[in-house]
Each structure stands twice: as C-alpha cells, then as structure tokens.
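Listed here are the chains, written in short residue letters.
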Amino acid sequence: MKFTCNKSDINEAINIVLKAVPGKTTMPILECVVIEAADNELKLTTNDMSLGIETRLSANIEEEGIILVNAKMISEIIRKLPDEDIYFEADNNENILLFCGKAKFNLSGKNHEEFPMLPKIEKEKKIVISQFTLKEMIRQTIFSISNNENNRILTGELFEITGDEFKIASLDLHRVSIRKIQLKESYDEIKAVIPGKTLSEVSKILTGGMEDEVEIYFTKNHVLFELGKTIIISRLIEGNFYNINQMLTNDYETKVTVNKRELLDCIDRATLLLREAENKPVIMNVKNDEIKMEMNTKIGSMDENIGIQKKGKDLRIAFDPKFLIDVLRVIDEEEVNLYLFNSKAPCFIRDDNSYIYLILPVNLIDN
C-alpha cells in the first residue's frame, strides 16, 4: 500500500473520525482508525460500537490497500508535521512508513480484519434538511437531556417527523425543550430517540451552511447522517419516549413579554452570588409593568427591576437560574413570552411556530 496526500486534508479527516474513538475501552482495537486506499481516495473509519464515522478525501494512490493504526497517535504525528504532502507506505499492516519533509516515522500497524466495520444501512426512510437548520435545532435543545444513565431514554433526543413537520425534543424531568420546523417535503411518520453523545458529535461536524444539506436515514436500530463525504452511523436508544404532549398546555393566568437580553443579563448577574454546590433560586416578582428579580445567598443579596408587558395576574415564582439561562441563551428573538399559571406550575417560554420550553419552578420558601 502506497499513497501521497495533502497534510491539511488528512488532518481534517482524522479530526472528524476521532469523534468516534472511545476515551477508555477494554477493546484496544477500537482505539484505531482504518485507512483504506482505493480509487484515488482515502477512506477513514472509526467505530466505538455505538457511534461510527467514515469520511473520504482525495489522495494519489500508487498501490491500494488497508492499514489500521492507533487513531490518536497518528493524529498527533500528522498535526505536528510540516505543511507538506505526506507519503505513506505499508506492508501487510505490520510496518507503516510515513514521510513528510525531513521527518520519517516507522509505526506498528494492526490486523484490520479484527476491526468492527460499520453496519450496512438500508437507505429507505429519510429526511433532507439544511446543515444550518439541524445544527441550530440541536444547539437549541441538547442542553436539557439527562446525564442519568439509569434512565437511558432521557439521555437522548426524540426526532419526530409527521408529514412536513420535523420536531426535536429533550427533557430531564425538570424541563422540556422542543424545537420544530416545516420541511420542504412531506414524509412518512418517523419516531427515533438518538443518543445525546451522537448529536453532540454530529453538531461539531456539521458545517452550518444554509445551502449544504444533510440526509438522515432511519432504520429500526440505527440512524445514519450523510453529509458530503462523511457518514455518521449511530445506534438508537430503545424504548418509548415520554409523551411530551401530555405535559403541554395553552392555559395561563399571567403572560409576560420581556426583552430577552435584559432578562438574561440580570439572571447572569444574580448568579455571581452563588458559590459552587450552592443551590439557590432566582425569585421573580411579577407586578404591574415590571419584574423584580431577587437572589439571596450566604454571600449577600441582590434585586433588580426589569420593565415588562404583562397580561393577567401578579405572581411570585422561583426558578433554578441555570435552567432559565440555558433557555434564554439559545433563543435568537429580541423578546420572549413567558406563560405562567401559579407559583407551583410550569413556566412556558414559547413561540408556537418554532419552539416550546417548559421549566418547573422550585418551592418558594419565604424568609
């Protein structure tokens, strides 16, 4: 096996596939990357058994073949080489020679036949969406997945397609995040729960271009993302997702319209009084045409008034400040609408055509 490739191209490709290399594993073979040379291109593949990535790049192939080498080691070597073309030569996977400028490396390879290659996915059920839109939808929902592996269904996000509506939803039993859009075409109904780890890595690989598209294929057990010369395959999380629709309501006693940036900055300032592991709520006193924000901690206290537009009753309610900050940071609109019922009922921050966020309040204990 012999080939020459551009340093920048292979460095970028390895950075993509590294996302499916496990940090810790009892199977050392999974720490490797498969490099296959054929038809004037290289194909790089990694697989941690739940997430697999394959990407392609152009190369000058003198002799076809396959090599298997430790992914992080080859990544570090390539990253520190001079910006010149790199020449690879391998013999029966045992010795791998790498030349770049005046540098020469002799590396040990492994038997590629032991590596678990990616499963073959039937490309039937699919949707097509712009990379920019998918990246935004993930960014605006992934923060509310759970990290509790004892309830695995909540460590993923629900992808639901009904006709031309595409919805992503996540929850961690304290909050719910829903983002939805209208697709250009109608599709058969699809429901799948995709691991949060997969979506986090997919988001990093997406270019975010409005004109660049990603095709998403669904099977019973897997999801496949195809974008340009890269494919990402992930196992789905088995089980039924929570019935989010039962948690949603349009009823409210108080509607507050407020400048998003003012509210976010105020809550952010309030958290300066919190110390690590201290769990204190931010209190919102909604009265007349303003919210009085309060924070009381061991260090001190603060209060600040924010002008609002209000419909309905006055209200006093408290929230974990982090939950509010997480939501406000991902909303792009200048103003947000808060729908409240009472001090013990969920708060809804929503735009019915685009997003819905539900946040449970914390018990309000008066001093």
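Residues numbered from 1 in each chain as written. Predicted model: local features only at pLDDT ≥ 70, side-chain atom pairs only at ≥ 80, totals over all residues. Heavy atoms only, no water.

## Concerning the packing of aromatic side chains
Move 1: Throughout the structure, instances matching the rule amount to six aromatic pairs.
Move 2: Summarising the aromatic geometry, the rings of Tyr-87 and Phe-99 are spaced 5.9 Å apart at their centres and angled 40° between planes, so their arrangement reads as tilted. Placement of the pair is Tyr-87 in strand β7 (residues 86-91) and Phe-99 in strand β8 (residues 95-100), with a sequence separation of 12 residues.
Move 3: Residue Phe-99 is classed as partly exposed on the basis of its relative accessible area of 29%.
Move 4: Considering the side-chain rings of Tyr-252 and Tyr-339, the 5.1 Å spacing of their centres and the 70° angle between planes classify their relative orientation as edge-to-face. Within this pair, whereas Tyr-252 is found in the loop between β15 (230-235) and β16 (254-259), its partner Tyr-339 is found in strand β22 (residues 335-340), the two being separated by 87 residues in sequence.
Move 5: The class of Tyr-252 is partly exposed, set by a relative accessible area of 35%.
Move 6: With relative accessibility at 11%, the residue Tyr-339 sits in the buried group.
Move 7: Aromatic rings pair up to connect Phe-143, Tyr-355 and Tyr-357 into one cluster. (Phe/Tyr/Trp six-rings, centres within 6.5 Å; stacked < 30°, edge-to-face > 60°. Helix = DSSP H or I, 4+ residues; strand = E, 2+ residues; numbered from the N terminus. Buried < 20%, exposed > 50% of the residue type's maximum accessible area, 1.4 Å probe, protein only.)

## With respect to the nonpolar core
Move 1: Grouped together as the largest cluster of nonpolar side chains are 61 residues, with contacts concentrated most on Leu-42, Phe-88, Leu-134, Phe-166, Ile-216, Phe-218 and Phe-225.
Move 2: Among the elements that take part in this core, strand β12 (residues 175-195) stands out by supplying six residues, more than any other.
Move 3: Excluding its chain neighbours within four sequence positions, the residues that come into contact with Phe-88 are Met-1, Lys-2, Phe-3, Cys-5, Ile-10, Ile-67, Ile-74, Ile-78, Ile-96, Leu-97 and Leu-98.
Move 4: By size, the runner-up hydrophobic cluster in this structure holds 37 residues, among which are Phe-319, Leu-324, Leu-338 and Ile-359. (Core = buried A, V, L, I, M, F, W, Y, C linked by side-chain atoms within 4.5 Å. Contact = heavy atoms within 4.5 Å.)

## Quick notes on the sheet that holds strand β2 (residues 32-38)
Move 1: Ordered by their spatial adjacency, eight strands build an open sheet running β6-β2-β3-β4-β15-β14-β13-β10, and the pairing between neighbours is antiparallel. Two strands in the sheet have a free side with no partner beyond their single neighbour: β6 (65-70) and β10 (125-130). The sheet shows a mean angle of 15° between the axes of neighbouring strands, direction not considered.
Move 2: Along the sheet, helix α1 (residues 7-17) contacts β2, β3 (41-47), β4 (51-58) and β15; its crossing angle with β4, the most-contacted strand, is approximately 170°. (Pairing = 2+ DSSP bridges. Axes fitted to C-alpha atoms, helices over the stretch in contact; angles between N-to-C directions.)

## Remarks on the packing of helix α5 (residues 260-270) against helix α6 (residues 321-330)
Move 1: Interhelical geometry of α5 versus α6 gives an angle of 145° and a closest axis separation of 10 Å. α5 and α6 meet at a crossing whose hand is left-handed. Taken together, the residues of α6 that come into contact with α5 (itself represented by Lys-260, Leu-263, Leu-264, Ile-267 and Asp-268) are Pro-321, Leu-324, Ile-325, Leu-328 and Arg-329.
Move 2: Taken together, the residues that form the contact of α5 with α6 break down as seven nonpolar, no polar and three charged. (Left-handed = near helix turned anticlockwise from the far one by under 90°. Nonpolar A, V, L, I, M, F, W, Y, C, P; charged D, E, K, R; others polar.)

## Structural notes on α5
Move 1: If you check which residues of α5 are buried, you get Lys-260, Leu-263, Leu-264, Cys-266, Ile-267 and Ala-270. Viewed along the axis of α5, the buried residues span an arc of 165°, placing them on a single side of the element.
Move 2: In this fold, the buried residues of α5 make contact with β16, β18 (290-296), β19 (301-307), α6 and β22.
Move 3: With a side-chain oxygen positioned 3.0 Å from the backbone nitrogen of Arg-261, the residue opening α5 is Asn-259. (Arc of directions from axis to C-beta. Polar contact = N/O pair within 3.5 Å; in protein donor to acceptor, adjacent residues only side chain to side chain.)

## Observations regarding the side chain of His-222
Move 1: In this structure, His-222 sits in strand β14 (residues 222-227).
Move 2: Contact partners of His-222, with chain neighbours within four places excluded, come to Pro-119, Ile-121, Tyr-217, Ile-233, Ser-234, Arg-235 and Leu-236.

Everything listed here is a matter of coordinates, which is why it stays silent on function.
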